[in-house]
Amino acid sequence: MMEYLRIENDFPRISHSAVTLGKFDGIHRGHQKLVEKIIEQKQEGAQAVVLALGTASRTILIGDLQVSYVAVGEDFRFGYERKGTPAMLKEFGKKYGFHTEVLPKKMDGRRKISSTFVREELNRGNMEKFRFLMGTDFSEQSTDVDTISGATFSSTGILEAVNDALSKAENA
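Treat the numbers as computed from the prediction; the structure is a model and nothing was measured. (Residues numbered from 1 in each chain as written. Predicted model: local features only at pLDDT ≥ 70, side-chain atom pairs only at ≥ 80, totals over all residues. Heavy atoms only, no water.)

Time to look at the overall build of the chain. When helices and strands are counted, the chain shows 6 helices and 9 strands. In the chain, 62% of the contacts between residues at least 6 apart in sequence involve partners at least 24 apart. Accessible surface, the chain: about 10000 Å² in total, of which carbon and sulfur atoms supply 46%. (Helix = DSSP H or I, 4+ residues; strand = E, 2+ residues; numbered from the N terminus. Contact = heavy atoms within 4.5 Å. Areas by Shrake-Rupley, 256 points an atom, 1.4 Å probe, with all protein chains shown as cover.)

Written as structure tokens, this is what we have:
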């Protein structure tokens, strides 16, 4: 069973978690790979957490989430002026007792799959490529927001998109 929360101030305490960190501005194939990795950790008793933050706080990871595993993409950045790198996150992991896995970007030929690539193909109207990059079907029937396989994308809809991706990964 999955649960998603919009947290404004205080994070809930979780005794053991596997976390993926990122912007998650649309759940494309690269993001899906990160979600799959944290779902794998559920077999070890961890709670899977998708943390969509501008900055990753050590207090949140160590104190509130008691993280044991973190999965990030190779281009993940965090902290002040986005100067934090995956290598720094690995060092924090050694110091605070969690494993960090840095995943290479998923590729489409020679191009890295990214949110920018997805938006470019959508703006071009290349729906076949868009569907491939998203790993899902696209519906143009929504009136005020875009809906992708039942996942709503709007300024407040990222949680629904993450939940949809988690459901797909759990059922795979």
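Turning next to the packing of aromatic side chains. For the structure shown, the criterion picks out 2 aromatic pairs. Aromatic rings pair up to connect Phe-76, Phe-78 and Phe-92 into one cluster. Here the basic side chain of Arg-29 rests over the ring of Phe-132, its NZ or CZ set 4.4 Å away from the ring centre. (Phe/Tyr/Trp six-rings, centres within 6.5 Å; stacked < 30°, edge-to-face > 60°. Lys NZ or Arg CZ within 6 Å of the ring centre and 35° of its normal.)

Right, let's get into unusual backbone geometry. With phi around 55°, Glu-81 is a residue other than glycine that occupies positive phi space. Phi is positive for Arg-82, close to 55°, though the residue is something other than glycine. Within the fold, Arg-82 resides in the loop between strand S3 (67–73) and helix H3 (86–96). Overall, Arg-82 belongs to the partly exposed group, its relative accessible area being 46%. (Buried < 20%, exposed > 50% of the residue type's maximum accessible area, 1.4 Å probe, protein only.)

So, on to the sheet that holds S3. The strand order across the open sheet formed by 4 strands is S2-S1-S3-S4, and the pairing between neighbours is parallel. If you trace the sheet from one side to the other, it starts and ends with strand S2 (47–52) and strand S4 (99–103), each paired once. Ignoring strand direction, the axes of neighbouring strands in this sheet form an average angle of 20°. With 6 bridges joining them, strand S1 (residues 17–22) and S2 adopt parallel strand pairing. Directly across from Ala-18, in S2, lies its bridge partner Ala-48. Packing against the sheet, helix H1 (residues 29–40) makes contact with S1, S2, S3 and S4, and its axis sits at approximately 165° to S3. (Pairing = 2+ DSSP bridges. Axes fitted to C-alpha atoms, helices over the stretch in contact; angles between N-to-C directions.)

Right, let's talk about the environment of Phe-130 for a bit. Structurally, Phe-130 is set in helix H5 (residues 127–134). Phe-130 gets classed as buried once you look at its relative accessible area, which sits at 2%. Measuring from C-alpha to C-alpha, the distance between Phe-130 and His-28 comes to 9.3 Å, with 102 residues separating the pair along the chain.

This part covers H5. Turning to H5, its buried residues number three or more, namely Met-127, Phe-130, Leu-133 and Met-134. Buried residues of H5, seen end-on, are gathered within an arc of 125° and therefore sit on one face of the element. Two residues or fewer past H5, Gly-135 is found with a positive phi of approximately 70°. (Arc of directions from axis to C-beta.)

Tracing the chain through its elements places Glu-121 in helix H4 (residues 115–124). Polar contacts involving the side chain of Glu-121 include one to the side chain of Arg-124, which spans 2.7 Å. Sequence-distant contacts of Glu-121, that is, excluding residues within four places in its chain, are made with Asn-126, Lys-129, Phe-130 and Leu-133. (Polar contact = N/O pair within 3.5 Å; in protein donor to acceptor, adjacent residues only side chain to side chain.)

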